[in-house]
Amino acid sequence: MIGVRVFFVGGLISYRALFGWLSPWVFIPSLLVAPVFQILLFVYIGRSAALESDEFYVIGNGLQYASIPCVFAMTNIIAGERFQQTLGSILITPAPRLPLFVGRALPVVLNGFFVAAFGLVVGGLIVGIDVPASAFAPLVLVTAVSALSCTGLGLLSAGLGLIVRETAVLSNVIFGILLVCTGANVPLDALPGWLSTAAQGLPFTHGIEAARLLADGARFGEVARLVGAEALVGATYAVAGYLLIRVLELYSRKHATLERA
Amino acid sequence: MRALRLLWVGWVMHMKMLTRSAFNFWLGIIYPLFFATAAFFMFQSGDDPKPLLYASLGAAVMGIWGATSTAAGAALARERWTGTLELLVTAPAHFALILLPVTIAMATIGIYSMISTLVWGRLVFGIELEVGDPLAFVLAVPATVVSIGALGFLLAVAFVRFRQAWALGNMLEYPVWLVSGFLVPLTLFPDWVRPISWALAPTWGIGAIRGAALGGAPYGDIALALSLGAGYTLAGILLLERALRTARVKASLSLS
């Protein structure tokens, strides 16, 4: 029962306290306006390069931009606590660690889903892409799974936050890797082979491909494997992230590195 | 003379501080590289690979604006957080002479990004850049930096009343990249976008750099970039006078 309470109540309170972008003055420009302009930027580069359709870039960038709320917010569960000098207090509590850390991911997933959905809808309306109505519900599911998957990567990034001081730099680098390698803007077959292979292990790669197929009229059954792969990638990162946090928590006790990082 | 000395010392001091910041320096170099890489792959794979050279120069200059927009938006907030804003405002020197070198230093950091993008393009994508008019190129780069720094100064002043000004600066990163024609020819945009592009110094700055490198009329663009930079500075000073007067009357400088 305590674990459930820590998961839901602790997660929500922590998210509200630590995610400094919840102010409308930050949320609107950073998480609603910026993704639309990222979509427009790549739509126009795509038109200039005569490479892919507008729909390709709207879907790619709309989904990929969820990495900003997902990775930054998850990383902040460590960096934010350290900044407010509460990290030590959190880590000496007897609260079970799984609900403590994973509970903080739930609001992040919901926010990431909202940001991606907003970018897809507004970007799609501005550019004028044509998506069949039958694809709306599966697209919602794919967007949610992609946000979940990226939050898993965010948990791994949060773990690294226990030994990395510059978490904002780390989060931005992860964002850049996802921008280039997931097929959001560059078709996977245009990437070097090794990069294209590595992309199969990144969040969004399968989700973006599934969303594009759905927008082109595919049925959900035809993309179910891609959605499953996206969920599997996210789950793998989440498990790795949770384990990393536990290992580095023990390391920080042994070597007194908690505040030094 | 004292004003020039203050500008120089302020620029040197902030350059030193910025080059020791992982966020402002290293990320300022790395972050635009991701966008440049995506754009290089896109142009390389497109039907017509000729715009690759055009894009490489644009991507290189993107870093100058990238290094300026968010940081300039946050320039006053940073002084506010460290408790030095009031001291700087009450100093005998005009506050504009203190703030202007800060934002120009931010834009100058973008030169590192510009060089790294060009080197990255050469080593990884084989983009060879031969500068057609070296003198114009040498003039165009600092003119672009100064004019973008002046735009950053105007932003910093315009956002003085906003506690989260960095987010507003950050919001302007993509739009300026887009409408200044860094990666996309202005002819692709709707007609109503053109006047916005013309009012932005980065448009003329990248025009001057491209003109110097690829052939064109760079000197006119350099003059326009510098003129717009002077205009931003003047507007920023007038806005600053008004903002500081209001802040003194209402005791609102700290926004606390």
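Structural data are supplied above this passage.
Remember, it's a predicted structure, so these values are computed and weren't measured experimentally. (Residues numbered from 1 in each chain as written. Chains lettered and ligands numbered in written order. Predicted model: local features only at pLDDT ≥ 70, side-chain atom pairs only at ≥ 80, totals over all residues. Heavy atoms only, no water.)

For the rest of this paragraph, the subject is the nonpolar core. A general feature of soluble globular proteins is that nonpolar side chains tend to end up buried together. Phe42 of chain A together with Phe35, Tyr174 and Leu183 of chain B are the most contacted members of the largest nonpolar core, which totals 150 residues. In terms of nonpolar packing, the next biggest core, distinct from the first, is built from 30 residues, Leu100, Ala105, Phe153 and Ala156 of chain B among them. (Core = buried A, V, L, I, M, F, W, Y, C linked by side-chain atoms within 4.5 Å. Buried < 20%, exposed > 50% of the residue type's maximum accessible area, 1.4 Å probe, protein only.)

What follows is about the interface of chain A and chain B. Listed per partner, the contact involves 39 residues of chain A and 32 residues of chain B. In terms of surface lost to chain B, no three residues of chain A exceed Leu41, Tyr44 and Ile45 of chain A, which account for 19% of the buried area on that side. Counting across the interface, chain A meets chain B through zero salt bridges. Applying the counting criterion to the chain A and chain B interface returns one residue pair in polar contact (both at pLDDT 80 or more). Counting residues per element, the ones that place at least two in the side of chain A that touches chain B are helix H2 (24–49) and helix H9 (167–181) of chain A. Tallied by class, residues from the side of chain A that touches chain B come to 29 nonpolar, eight polar and two charged. (Contact = heavy atoms within 4.5 Å. Buried area = accessible area lost by both parts, 1.4 Å probe. Salt bridge = Lys/Arg side-chain N within 4 Å of Asp/Glu carboxyl O. Polar contact = N/O pair within 3.5 Å; in protein donor to acceptor, adjacent residues only side chain to side chain. Helix = DSSP H or I, 4+ residues; strand = E, 2+ residues; numbered from the N terminus. Nonpolar A, V, L, I, M, F, W, Y, C, P; charged D, E, K, R; others polar.)

Turning to the pattern of salt bridges, a few remarks are in order. Residue and element names in this part refer to chain A. In this structure the tally under the stated criterion is eight salt bridges over all chains. One salt bridge connects Arg246 with Glu249, and the closest N-O pair in it is separated by 3.4 Å. Highlighted residues: Arg246 and Glu249, both in helix H12 (residues 220–255), separated by three residues, approximately one helical turn. With a shortest N-O distance of 3.0 Å, Arg253 and Glu249 are connected by a salt bridge. Pair noted here: Arg253 and Glu249 are both in helix H12, with a separation of four residues, about one helical turn. Residue class for Glu249 comes out buried when judged on its relative accessible area of 2%. Put simply, Arg97, Arg246, Glu249 and Arg253 are held in one network by salt bridges that share partners.

Turning our attention to a nonpolar patch on the surface. Residue and element names in this part refer to chain A. A surface patch of nonpolar side chains, amounting to about 560 Å² of accessible area, comprises Val4, Phe8, Val9, Ile13, Leu106 and Leu110. The set of elements that each furnish at least two residues to the nonpolar patch consists of helix H1 (2–18) and helix H7 (105–127). The leading source of residues in the nonpolar patch is H1, at four residues. (Patch = residues over 30% accessible without salt bridge, like charges linked within 9 Å, V, L, I, M, F, W, Y side chains within 5 Å. Areas by Shrake-Rupley, 256 points an atom, 1.4 Å probe, with all protein chains shown as cover.)

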